[in-house]
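Observations on chain architecture
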Amino acid sequence: MSKQKKNLLTLLILFALLAVVLALYFFVPRGGNSGTEEDSDAGETITVDTIDTGSIVRLRVKNGDKELALEKKGKEWRFGDRGDIPLDEEAVSGLLSAFETVKATGSLSYDPDRLSEYGLDKPSMSITVETSDGREYAYSLGAGVPVKGGYYGLASKPDKIYFLEQSLYDKMDINYKSLIKKDDLPEIEEDYMTYLHVDNQKGEDFEAKTVSEKEQVASYSSWNITKPYEKPLGTSIKDWKTTLGYFSALTFDELVEYGSKNPAKYGLDKPASAITVRYYSAKDGYKPEEDSQGDAQDDASGEKDAGTENSEDSASSDSAPEIPEQYRQYKTVHLLVGNKKGEEYYVCLKGSRNVYTMSQAVVENMTKLDAYTAMDHSVYATLATDIKGYEVRCGKTKLKVTRTPVEDTEQNDSGTDTTMKNKEQNIWKLNGKQISAEDEQDFLTPYSSAYLLEFTSKAKSSVRPADKKPVLTIVYHEEKRDVTVKYLPYDGTNFYRVDKDGMDYFLVDKRSVDDVIAKFRGIEKLGEK
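A quick note: this is a predicted structure, and the numbers were derived from the prediction, not measured.

Turning to the overall build of the protein, a few remarks are in order. Per the secondary structure count, the protein includes 8 helices and 28 strands. A total of 529 residues make up the protein; the buried ones form 41% of that total. Considering only intrachain contacts with a sequence separation of at least 6, the fraction spanning at least 24 residues in the protein is 64%. Within the structure as shown, the protein displays about 30000 Å² of accessible surface, and the carbon and sulfur contribution to it stands at 46%.

Turning to helix α2 (residues 89–96), a few remarks are in order. Within α2 the residues assigned to the buried category are Val-92, Leu-95 and Leu-96. All buried residues of α2 lie within an arc of 95 degrees about the axis, which places them on one face of the element. Contact partners of the buried residues in α2: β3 (56–63), β4 (66–73), β5 (76–79) and α3 (166–172). The opening residue of α2 is Asp-88, an N-cap whose side-chain oxygen sits 3.0 Å from the backbone nitrogen of Glu-90.

Assignment of secondary structure puts Lys-500 in strand β27 (residues 495–500). Expressed as a C-alpha distance, the spacing of Lys-500 and Lys-231, which sit 269 residues apart in the sequence, is 9.7 Å. Contacts of Lys-500, omitting those with residues within four sequence positions, involve Val-217, Ser-378, Val-379, Tyr-380, Val-483, Thr-484 and Val-485.

Considering the arrangement of structural elements, one finds Leu-430 in strand β22 (residues 417–430). Separated by 30 residues in the primary sequence, Leu-430 and Lys-400 place their C-alpha atoms 5.7 Å from one another.

This next bit is on the pattern of salt bridges. Under the definition given, this model contains 16 salt bridges. Notably, a salt bridge pairs Lys-368 with Glu-364, separated by 3.8 Å at the nearest N-O pair. Of the residues examined, Lys-368 reaches a relative accessible area of 58% and is grouped as exposed. Via salt bridges that share partners, Arg-58, Arg-60, Glu-71 and Glu-130 belong to a single interconnected network.

Burial within strand β11 (residues 193–200) is extensive, with 7 of its 8 residues counted as buried. Alignment of β11 against strand β16 (residues 273–282), held across 7 bridges, turns out to be antiparallel. In the strand pairing of β16, Asp-199 is matched with Ala-274. The hairpin formed by β11 and strand β12 (residues 206–210) contains 5 residues between the paired strands, and Gly-203 there has a positive phi angle of roughly 90 degrees.

Rules used in this analysis
- Residues numbered from 1 in each chain as written.
- Predicted model: local features only at pLDDT ≥ 70, side-chain atom pairs only at ≥ 80, totals over all residues.
- Heavy atoms only, no water.
- Helix = DSSP H or I, 4+ residues; strand = E, 2+ residues; numbered from the N terminus.
- Buried < 20%, exposed > 50% of the residue type's maximum accessible area, 1.4 Å probe, protein only.
- Contact = heavy atoms within 4.5 Å.
- Areas by Shrake-Rupley, 256 points an atom, 1.4 Å probe, with all protein chains shown as cover.
- Arc of directions from axis to C-beta.
- Polar contact = N/O pair within 3.5 Å; in protein donor to acceptor, adjacent residues only side chain to side chain.
- Salt bridge = Lys/Arg side-chain N within 4 Å of Asp/Glu carboxyl O.
- Pairing = 2+ DSSP bridges.

Quick look at the structure:
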């Protein structure tokens, strides 16, 4: 035989061997022996059982060395060996839904002598379902089915070996803890929160609460930050909504231990942080009515112009509907934070022995709040048209401004004065002299510049200037109170320290304040006309 013919023969033999190997791979189950395959056309499914899940009263699953036993007592499900543990009815219903229709993608003829070939002599999972009419359904799952997927399995009547769908195994392969009912963490409307407190073992504590109009640091914010500083801070409308959002929709991740008798194991005997949230909701039977127009108070912290309305109040259109006091139900949530494990923390509700995990990001958003970030950075951002007047002292310059609102009028065709509704004019007086209409814009410019001033950083206690006399003092006369803002020497170069009614923790840009001083001095002559 020639060498060329030998090579051709060798090639043909190799192709034949390859065909045999492929046939064995695709058509022979694990174990290496073939069976008679039935009803296994591609895409075809077989209904093995159909069970009314509402009639199921017991479920037992053995998965390796793990066992799960559920029993229905009355209308509630419990673990067969721990009837004191409440279960999540929705989670149990999801588990039982696997038996509404038990499906297979094909089948083989049953041969009890060959069960080991399919992993069914020692099943990887055994399932027993009992119904209220006394019927019992049993399933055994063995080895995985090549190519098609799923598992070789037996049903109640072992007349066939089925290719049971993967979904049956997946639904039964669960952590029993996922069926336990978790403690309730309410979803809280941000607008209904009234108090936040974070007590940290390490680092600064944080506290904020809603206050009366008279107590507000910022006239447009009902919240004051009361810790870590001794003097309260006003809150930024925009950034404060973000802060409240950290507490509004909390959820537990995984249940670690139900009814733990050793909280010290998780650091919960002496928690790293204790979080308190107070809020209210509508009493049963009362439904808050949506107000499409929104009744929120105007806010002056956004549009930086002393003569225009504030644009940041547009957020009020997203506010929750008002709940009258008599229909409010006040509630409190206490959350304890224990040790950190990886990228999670152990947590529990105060008074509960059920331990859960919560992600690092969620926990640290709540426990590492920075008052400077959450505060309103405007030194004083109330519109000039919303106060009664103000006084300015800078060096020898002393200005006293008063505002008297008057209704605007216009003459009709007959020459009679007619009051214009919803339109207000102001009579401005500087040191007792009325400001003319043509000078009004120049007169308001210094106030507008002071309105723009913002805190830029925290003051350092180590910086102690020799001169403590204010370079600029402005006393704002509001309807119900006076607010005094003093700008004090600091480093002599870049910053002034701000004292706002005794709150002197922050700095402001020196050049910006010097510009305001120059502008106030520039209008002093208007009061001499």
